[in-house]
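Architecture and fold: a report
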Amino acid sequence: MSAPINDFVKRYIQSRTVRFHMPGHKGCSFHGCEAYDITEVKGADYLYQPQGIIAQSRERTAAAFKAAKTMFSTEGSSQCIKTMLGIVKKTIGDKRLRIAAPRNVHKAFIDGCILLDADVVWLYPSKPSQGICSCDITPAQIEKLLSDDKDIDCLYITSPDYLGNIADIKSIADISHKAGVPLLVDNAHGAYMAFLEENTHPMALGADMCCDSAHKTLPCYTGGAYLHFSYSAPDSFTENAENIMSMFGSTSPSYLILQSLDLCGEMLAEGTFTEKLAQSTAMVKSCKERIGKLGWIFCGQEKMKITVCAAKCGYTGFELGDKLRGAGIEPEYCDEQYVVLMAGISNTQEDFDKLADAFEKLPVKKALDVQTPGLLPAEKRLSMRKAAFSPSQSVDIQSAVGRVCALTVTGCQPSVPVTVSGEVISEDSVKLLEACGIRKINVI
């Protein structure tokens, strides 16, 4: 099976065409991949008006994900998230966009709301969360909100979250559709879930639109992402999709990233990825069992994540992360309580053995009494857009109590907003900012 984008670029290289076009390196090698880094020359198709090789590659990828339509992004799920919101806004016309969402959204969601001047009705867990990564919302909470608030234009869910917790997308989709509200899912961490033995991808569970960061869990370059549309999504969603996506992206998409998405699509279509994924999930499970027998505790349901509850085992996540680095292992994420390790199909049995060996050398100790502040409701004083574009100043967080957050503050990773534009900063907000290592904040 061919990979049309990649095949075109190879033929272009072999043609030895003189490059009087961008990029400036002209295909000459500095890092090693310049020959493959082209622009939208004749025959290369256009990302936002695809009719040739990009269209062919997209159609093949959509079929692999069982989606009605799939679009490519070379600017990550961040571009896809803003596009999803923009599509809903385009569909509702002059009405101000009103979104329901659990609070553990990615910064890209906030940026999209600022640009579109949207209102958000935040959902919070019934019990205070520990840290900012998770926001455990039940289908019953969503059902009540959609019953009480008839002005909601869409429901937006982040699943899996950064720790590997997975929401009940099927039940949430049923509730959302019963209320006549489209469901949007940030599935940035779960692209691989469509190729498990049991397909648990949001496209299979009822989401209307869904983004995947292909680069997070598939063998793609950083920045490669998908935006999927379900067969039940309104026609208006797909009719305007390319034009809306182009509003949030560069007119010079990376053909290196497009080629990696293309080659990945070939792997997905052929079934090669599915075979490798089955082997990888088995290795992850075996590794967790080996580490678990030593007394280490895990959380999250994701099959390709190993999230260690470090604090319950006598270490802060930062401390455990440093110990793993000392053993030649780099985690995905560390905070006061957790260490997240993300696996991929390219991780070998040797990799997992090295990880398990590192844990075997670390004694499990008495649990630490770590109480990380979680995401709490805050008083909204201004709209996100008005606050973000108002005159502002940077102050120490201790001086910010009672003032209004101007520019949304996030920690990286997980890029979940600690305080949101337009919210009043409380003493609890300051505690959370301190826990995330943030010392200054932009206020109106």
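The sections below set out a description of the structure shown in this document. Worth saying up front: this structure is predicted, and the values here are computed from it rather than measured.

A word on the state of the cysteines. If you walk through the whole model with that rule in mind, you get zero disulfides. Between Cys-211, a cysteine without a disulfide, and Cys-80, which holds the nearest cysteine sulfur, the sulfur-to-sulfur distance is 5.7 Å. Cys-287 forms no disulfide, and the closest cysteine sulfur to it belongs to Cys-313, at a distance of 14 Å. For Cys-287, a relative accessible area of 3% gives the class buried.

Time to look at the pairing of strand β4 (residues 154–158). For β4, a buried count of five out of five residues is recorded, marking the element as mostly surrounded by other parts of the structure. Here β4 shows a buried face lined by Cys-154, Tyr-156 and Thr-158 and a second buried face lined by Leu-155 and Ile-157. As paired elements, strand β2 (residues 98–102) and β4 share two bridges and run parallel to each other. Bridging from a neighbouring strand, Ile-99 pairs with Cys-154 of β4. Alignment of β4 against strand β5 (residues 183–186), held across four bridges, turns out to be parallel. Residue pairing in the sheet places Thr-158 in a bridge with Asp-186 of β5. Regarding the hand of the β-α-β motif, the stretch spanning β4, helix α6 (residues 169–178) and β5 is right-handed.

Looking now at the packing of helix α2 (residues 53–65) against helix α11 (residues 255–270). For the pair α2 and α11, interaxial distance at closest approach is 9 Å and the crossing angle is 40°. Comparing their axes, α11 and α2 come out oblique. Our pair here, α2 against α11, has a crossing hand that is left-handed. Note on element contacts: α11 touches α2 through Tyr-255, Leu-258, Asp-262, Gly-265, Glu-266, Leu-268 and Ala-269, opposite Ile-54, Ser-57, Arg-60, Thr-61, Ala-64 and Phe-65. In terms of residue class, the contact of α2 with α11 is made up of seven nonpolar, three polar and three charged.

Calculation criteria
All chains use their own residue numbering, which begins from 1 and follows the written sequence. Only residues with pLDDT of at least 70 are given local features in this predicted model, and only at 80 or more are side-chain atom pairs given and counted; all residues enter the totals for whole chains, interfaces and linings. For side-chain calculations, the full set of non-hydrogen atoms in the structure is used, while hydrogens and water are omitted. For this text, the term disulfide refers to a pair of cysteine sulfurs within 2.5 Å. Whether a residue is buried, partly exposed or exposed follows from its accessible area with a 1.4 Å probe, protein chains only, as a fraction of its type maximum: under 20%, in between, or over 50%, in that order. Counting from the N terminus, the helices are DSSP H or I runs at least four residues long and the strands are E runs at least two residues long. DSSP-based pairing: two strands are paired if at least 2 bridges between them are found. Whether a crossover is right-handed comes down to one check: with the strands pointing away from the viewer, does the path from the first strand over the helix to the second run clockwise; if it does, it is right-handed. Axes here mean lines fitted to C-alpha atoms, for a helix over just the part in contact, with angles spanning 0 to 180 degrees between N-to-C directions. We call two directions roughly parallel when the angle between them is under 35 degrees, roughly antiparallel when it is over 145, roughly perpendicular when it lies between 65 and 115, and oblique otherwise. Helix crossings are classified by the rotation of the near helix relative to the far one: an anticlockwise turn of less than a right angle makes the crossing left-handed, while a clockwise turn makes it right-handed. In this description, contact between two residues means that some pair of their heavy atoms is separated by no more than 4.5 Å. Residues were grouped as follows: Ala, Val, Leu, Ile, Met, Phe, Trp, Tyr, Cys and Pro as nonpolar; Asp, Glu, Lys and Arg as charged; and all remaining residues, including Gly, as polar.

Everything listed here is a matter of coordinates, which is why it stays silent on function.
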